[in-house]
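Commentary on secondary and tertiary structure
Residue strings, one per chain:
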Amino acid sequence: QVHLVESGGGLVQPGGSLRLSCAASGSLFSIAVMGWYRQAPGKQRVMVARITSGGSTSYADSVKGRFTISRDNAKNTVYLQMNSLKPEDAAVYYCNYAGYEGGYWGQGTQVTVSS
């Protein structure tokens, strides 16, 4: 069983920044693909960013150039740096783990973007 703990969500104004963190335990973190997804009210959960074990990244078009995903294998942690936040970025953000033992989701952390 993989346990994912997310943190860093909160309320920010448009144009502001947040940094989300996701710590994984009970996992082979270094060889897992990690990702961030988000789900806004009334919408489906969608992929925001992913990072492979080798550090290759990919982003949804809606966040490309504004968000950056990174990982620290020594800390078993993945991060999402979110800059230039827009109201449409408001959602619950979920950490995702995909490894040999299966796929897992974090509890989610709320991001609110409002003036």
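See the structure printed just above.
Since we're looking at a predicted model, the values are computed, not measured.

Tracing the chain through its elements places Arg50 in strand β5 (residues 46-51). Taking the C-alpha atoms as reference, Arg50 lies 8.8 Å from Ser70; in sequence the two are 20 residues apart. Other than its neighbours up to four places away in sequence, Arg50 contacts Met34, Gly35, Tyr37, Ser56, Thr57, Ser58 and Ile69.

Before going further, it helps to spend a moment on the sheet that holds strand β7 (residues 67-72). Taken in spatial order, the four strands make up an open sheet running β1-β3-β8-β7, and their pairing is antiparallel. At either end of the open sheet lies a strand with only one pairing partner, and these are β1 (3-7) and β7. For this sheet the average axis-to-axis angle between neighbouring strands, irrespective of direction, equals 15°. In terms of strand pairing, β1 meets strand β3 (residues 18-25) through five bridges, oriented antiparallel. Note that in β3 the partner of Ser7 across the bridge is Ser21.

What counts and how
Residues numbered from 1 in each chain as written. Predicted model: local features only at pLDDT ≥ 70, side-chain atom pairs only at ≥ 80, totals over all residues. Heavy atoms only, no water. Helix = DSSP H or I, 4+ residues; strand = E, 2+ residues; numbered from the N terminus. Contact = heavy atoms within 4.5 Å. Pairing = 2+ DSSP bridges. Axes fitted to C-alpha atoms, helices over the stretch in contact; angles between N-to-C directions.

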